[in-house]
Amino acid sequence: MESLVSRGDLFFEAGDLREAEACFAQALGVSTEESFEDLQLRIEKLGPVALPILRRWAQSLDGQGQFAQAYRLLLPAIPHLDEAEPLEAVRFQLVHGKLLMAMGRYEEAGQEALGGVNRLELLEAGKPVVEEGYLSNLLGARAFRQGQIPEASRWFRRALDVFKRMGRVRDMALAYNNLGQVSKRQSEWQQAVEYFQVARNLAATEGATRDRIGALLNLAYIRYHQGRLKTAQSDFEQAATEALQAGDAIRQYRAVLGGAQVARSRGDIPGAIRRIRSLSEIGLTSALREQLLAILEEGWIFLAEDQVEQVSGVLHRVSELMAGGSGWGGDLIGELRRLEAWMELQTGRPSKAQQLFEEAAELSRTAFDPVGQDAARLGLGVTLRKLQNHQASEVELRTLAERLRQRGERLSLGKALLELGHSQSAGNSSKGDALKSYEESTRIFQELGVPTLEAESWLAQGHACLENGDLEGSRVRLSLARETMPSTSEEGWVRQEKDLLTRLSKAFELRANSGHSGFDVFRKIESTFGCCNTEDVLECLRDVLGVVRSALDADAVLYGLLRGQKVEVFASRGMARLDGRRTLPLKSLIPDKELSPDRTRILVGQGLGLREGESGAEVTPSSALAVPVDLGDGIHLLYVERWSDSGRPHFQPGEGHYASALAMELCRGLCRRGWRRQLGLPPNLHEISRNIYLADIITQNANMFRILELINRIAPTDMTVLLQGETGTGKKLLAQAIHRVSRRSESPFVTVDCAALPESLLETELFGYRKGAFTGATQDREGLLGEADGGTIFLDEIGKSGIQVQRRFLHLLDSGEVRPVGATGYRRLDIRIVAATSSPDLSREVAEGRFLKDLYYRMNDITISVPPLRERKDDISLLAETFAEIAAERMDRKNQSLSPSLLQALVAHEWPGNVRELEKAIRRAVTLGEDQASLTPDLLPEEITGPKRPRISRQPLKDQLESVERDFILQALEQTGWNKSQAAKMLGLSRKGLRNKIERYHLDRRRR
């Protein structure tokens, strides 16, 4: 029997679960097809000896996804549990609890796990046992599935603590993976990515294939929520392949299901259907939650294809299956309610849909599921628009968009902005606001590679432009929508396209009948530039302005270039009052008005003053258009007037958009005629304007200006740069600046934090590895240095990289070559290295043997010392105002300002955390501050303003002491998961004494 069990264990560890199952069955003296009654008789005969073998057999079935079979296998042994050795009984309960979890019986799983915890408490105190970590992990999983996220986090951290104390690297990967799940549920994407990456790296070092696949799956879901759909799809496919090879049915199922969700999001409905159908081939029959998620995904696909009856069938199937489980979390029920709500909305019942969306949002909120909550809020915003409550819909969707923007959920943000544009267009908002929302959504869908949604956004822009009177803009956007939309166009999209085309054709017909054909005007501008005989570009420009004046039905027109607060006039028509002057103050055209470089301004009567017509008579302009155009070498200005005595109406928004299109055509014509050469502008002006790093590095400090000037000089070279400075001084921004103004600006910029990983993992992350180089290396990996080929790599905290990695860096700098771990040859790279260290003196690290001397001198082509913020006092106010403006915009704060006392407190502080600390402090102040108010020092953290004096409470001292004691007891109970024995030890009380205090203070776990 023992030899068979040993063989089974070896097969199990090797991943050959069917062979392991056969060995364990043979060790019990039965076959794998034995009946329940025969197995029960065999266990009765063997007694407690059978339990460990039976447990291993069940684990083999568990690994194959046969949860129900494994569960039935354990049932005959449960009556003998008290006869078994205590630790073996705990292990048995652990496996039993895991199977109950897999079948959706969460409450029973939790009771089984707590029973195991209680058994462990009865064992003699001593070294920790790994079963404590596994039970904590199971309790965390149960809490997570039921939406009790804080409790889940506590249990997962307790499991991680046990595994760390025991040095269980593989199990640490499991715990980190679960903590990543918690962060993912709370939409803390960066934290989740860090946990999952640590889990994947730890699993790789241990050769834990299943854990590594699980971490890859979770990373794929993160990328999916961030909108990185192509990367997510690739990760899901890789995870499915690896899971198939490892015989891991449940992870293969999850990977294929994730791929279906991505395909649907990209508009690839056939691809989503193909993946959903392939799930039946995996043969996973007992994983109830996974089956529910797959059926729900079918429902979303049916909804996308407007198959409402099939959606109704899906809802019925899900309800029936959920009746077979228990303790379903709010995330799953919330998704069910959202699908039902969208079905109600699609069938013309918005009132019912509103109720369901609100219920779904509340379920997701209580389950700590912000992704699900925001999906419900999106549906609610659309429903409010259907109910003609446009203002409420706009508020809902604008709030949602801001939340998604802060969390970095790009795909959901694009959808929210698209729906916001629809609500703004249908309501009383400015049509320009709707167009801005559509434009931002289009950019997002372009970046994410979602052609169906991009085409829908282009079409929405076309409708908005038509409403604004911008016929040319509408025509261009219709063309872009047609180019973007896949050939398999949806019926609804085709209807919208035909509707826009019909409306656009009628609008162009009306314009042609009125003598204002936009196409004719553009052709006339082009032919005027092309047929002009004179070599004087300004004379050509004057003729073209005549065409523009006629097209806009204007009295006077001017074209010039902004020089600060003055306009250098190139040409004009109808502006006799210039009297030959080539410059005039900007305020003489736009008094008391700001000119945004990217927006046309319509100026009406007020403040425009008197004008002098070509006849010399004084006239008052009724309205004017100011159209700025940024060509990269300065702001060009087209200025157009209508006079009050002409009897014509003010300029309208549609005419403003038309003027903007004409100004762009005029600029293109000027460029073709070589206007820069004739006007004597510097030939490198455009190149100078590309140095955009000054927009990121905010400073007025002389030392920082010298650093920026030095960067401008060294950026075109390939010199290795070492940035020295304290944490938070902006070394990464300077590295990005070097990259942006170099010849490598169009190539990758890759950042590596050398202090974040142990040396062995850092080496593989940087240099890559070949398949088979170490346990778990199942395929080639390029490495970050390879990804940066042609561009720049920023090595942050280079001094903490480890000697082995430093030697490899030295070889790279000397030869320009790298060799992946496990490779036999080198690969040449074209790469620039910018390194950084927070060490005040890296040469000291060299002297103490922690940094290679040769590498130090080889990297030291040029060293830039970045001053800390306390040495840049003149930058503090400037940075604070900038951070306040950014934070106010993100949080929709109105008219906040920094008080003199707050600025004084900021300047007086030493800022050990430098710019990063300042940004955090300002963001806190903006968050806590009120609209229409000055931000004062009391809104800053205590470490800046000093501790606040405690207020003396009017409560009697006895009541205050009891309140403190109650809080301490409650905290200890929560930290120990309400284990009264452990809490009593932590507080130095007897168990009876703790029980008395719990009763005295009316502490009840069920009320928490």
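We now turn to the structure provided with this report.

Rules used throughout
Residues numbered from 1 in each chain as written. Predicted model: local features only at pLDDT ≥ 70, side-chain atom pairs only at ≥ 80, totals over all residues. Heavy atoms only, no water. Phe/Tyr/Trp six-rings, centres within 6.5 Å; stacked < 30°, edge-to-face > 60°. Helix = DSSP H or I, 4+ residues; strand = E, 2+ residues; numbered from the N terminus. Buried < 20%, exposed > 50% of the residue type's maximum accessible area, 1.4 Å probe, protein only. Lys NZ or Arg CZ within 6 Å of the ring centre and 35° of its normal. Core = buried A, V, L, I, M, F, W, Y, C linked by side-chain atoms within 4.5 Å. Contact = heavy atoms within 4.5 Å. Patch = residues over 30% accessible without salt bridge, like charges linked within 9 Å, V, L, I, M, F, W, Y side chains within 5 Å. Areas by Shrake-Rupley, 256 points an atom, 1.4 Å probe, with all protein chains shown as cover. Salt bridge = Lys/Arg side-chain N within 4 Å of Asp/Glu carboxyl O. Lys, Arg positive; Asp, Glu negative; His and termini not counted. Charge placed at Lys NZ, Arg CZ, Asp CG, Glu CD. Pairing = 2+ DSSP bridges. Axes fitted to C-alpha atoms, helices over the stretch in contact; angles between N-to-C directions. Parallel < 35°, antiparallel > 145°, perpendicular 65-115°, else oblique. Left-handed = near helix turned anticlockwise from the far one by under 90°. Nonpolar A, V, L, I, M, F, W, Y, C, P; charged D, E, K, R; others polar.

**Brief notes about the packing of aromatic side chains**
Next, step 1: The full count for this structure, using the stated rule, is 7 aromatic pairs.
Next, step 2: Each ring, one from Trp342 and one from Phe357, has its centre 5.3 Å from the other, and the planes form 80 degrees; the classification is edge-to-face. Residue Trp342 is found in helix α18 (residues 330-346), and its partner Phe357 is found in helix α19 (residues 350-366); the two are separated by 15 residues along the sequence.
Next, step 3: Ring geometry for Tyr559 against Phe570: centres 6.3 Å apart, planes inclined by 40 degrees, an arrangement best described as tilted. Residue Tyr559 is located in strand β1 (residues 556-563), and its partner Phe570 is located in strand β2 (residues 566-573); the two are separated by 11 residues in the primary sequence.
Next, step 4: Overall, Phe570 belongs to the buried group, its relative accessible area being 7%.
Next, step 5: Taking NZ or CZ as reference, Arg808 lies 4.8 Å from the ring centre of Phe767, over its face.

**What to know about the nonpolar core**
Next, step 1: Grouped together as the largest cluster of nonpolar side chains are 50 residues, with contacts concentrated most on Phe236, Leu279 and Leu411.
Next, step 2: Among the elements that take part in this core, helix α14 (residues 249-265) stands out by supplying 8 residues, more than any other.
Next, step 3: Excluding residues within four positions of it along the chain, Leu279 makes contact with Tyr253, Val256, Leu257 and Ala294.

**What to know about a positive patch on the surface**
Next, step 1: There is a patch of like positive charges on the surface, built from Lys980, Arg991, Lys992 and Arg995.
Next, step 2: The leading source of residues in the positive patch is helix α45 (residues 991-1000), at 3 residues.
Next, step 3: Counting through the fold element by element, Lys992 comes out in helix α45.

**A short note on the sheet that holds strand β14 (residues 832-837)**
Within a sheet, neighbouring strands are paired by backbone hydrogen bonds and run either parallel or antiparallel to one another.
Next, step 1: Across the sheet, which stays open at both edges, the 5 strands sit in the order β10-β11-β14-β9-β15 with parallel pairing between neighbours. Every interior strand has two partners, whereas the edge strands, β10 (749-753) and β15 (862-865), have only one. The sheet shows a mean angle of 20 degrees between the axes of neighbouring strands, direction not considered.
Next, step 2: Taken together, the 4 bridges between strand β11 (residues 792-796) and β14 define a ladder with parallel strand orientation. In the strand pairing of β14, Ile793 is matched with Ile833.

**Remarks on the packing of helix α22 (residues 410-426) against helix α24 (residues 451-467)**
Next, step 1: Taken N-terminus to C-terminus, the directions of α22 and α24 make an angle of 25 degrees; their axes are 11 Å apart at the nearest point. Compared by their axis directions, α22 and α24 come out roughly parallel. The hand of the α22/α24 crossing is left-handed. Facing Leu411, Lys415, Leu418 and His422 of α22, the residues of α24 in contact are Leu453, Glu456, Ser457 and Ala460.
Next, step 2: Residue classes in the contact of α22 with α24 are distributed as 4 nonpolar, 2 polar and 2 charged.

**Side note on the pattern of salt bridges**
Next, step 1: Tallied over the entire structure, the rule returns 40 salt bridges.
Next, step 2: The partner of Asp374 in a salt bridge is Arg403, and the shortest N-O contact between them spans 2.9 Å. Within this pair, whereas Asp374 is found in helix α20 (residues 370-386), its partner Arg403 is found in helix α21 (residues 390-407), the two being separated by 29 residues in sequence.
Next, step 3: With a shortest N-O distance of 2.6 Å, Glu763 and Arg808 are connected by a salt bridge. With Glu763 in helix α34 (residues 759-767) and Arg808 in helix α36 (residues 803-815), this pair connects stretches of sequence that are 45 residues apart.

**What about the environment of Leu586?**
Next, step 1: Residue position: Leu586 is located in the loop between β3 (583-585) and β4 (601-604).
Next, step 2: Between the C-alpha atom of Leu586 and that of Glu568, which follows or precedes it by 18 residues, the distance is 9.5 Å.

**Structural notes on the environment of Glu131**
Next, step 1: Here Glu131 shows up in helix α8 (residues 130-145).
Next, step 2: Once the C-alpha coordinates of Glu131 and Val117 are considered, the two residues, 14 residues apart in sequence, prove to be 8.8 Å apart.

**Observations concerning the side chain of Asp248**
Next, step 1: As for its placement among the helices and strands, Asp248 is situated in the loop between α13 (229-246) and α14.
Next, step 2: Apart from residues lying up to four places away in sequence, Asp248 is in contact with Gly63, Arg210 and Ala243.

**Here's the deal with the packing of helix α12 (residues 209-225) against α14**
Next, step 1: Contact pair α12 / α14: the axes reach a minimum separation of 11 Å and the direction vectors enclose 15 degrees. Judged on the interaxial angle alone, α14 and α12 are roughly parallel. Handedness of the crossing formed by α12 with α14: left-handed. Counted together, Arg210, Asp211, Ile213, Gly214, Leu217, Tyr221 and Tyr224 of α12 and Arg251, Arg254, Ala255, Gly258, Gln261, Val262 and Ser265 of α14 form the full contact between these two elements.
Next, step 2: In terms of residue class, the contact of α12 with α14 is made up of 6 nonpolar, 4 polar and 4 charged.

Fair warning: the whole summary comes from geometry, so function is off the table for now.
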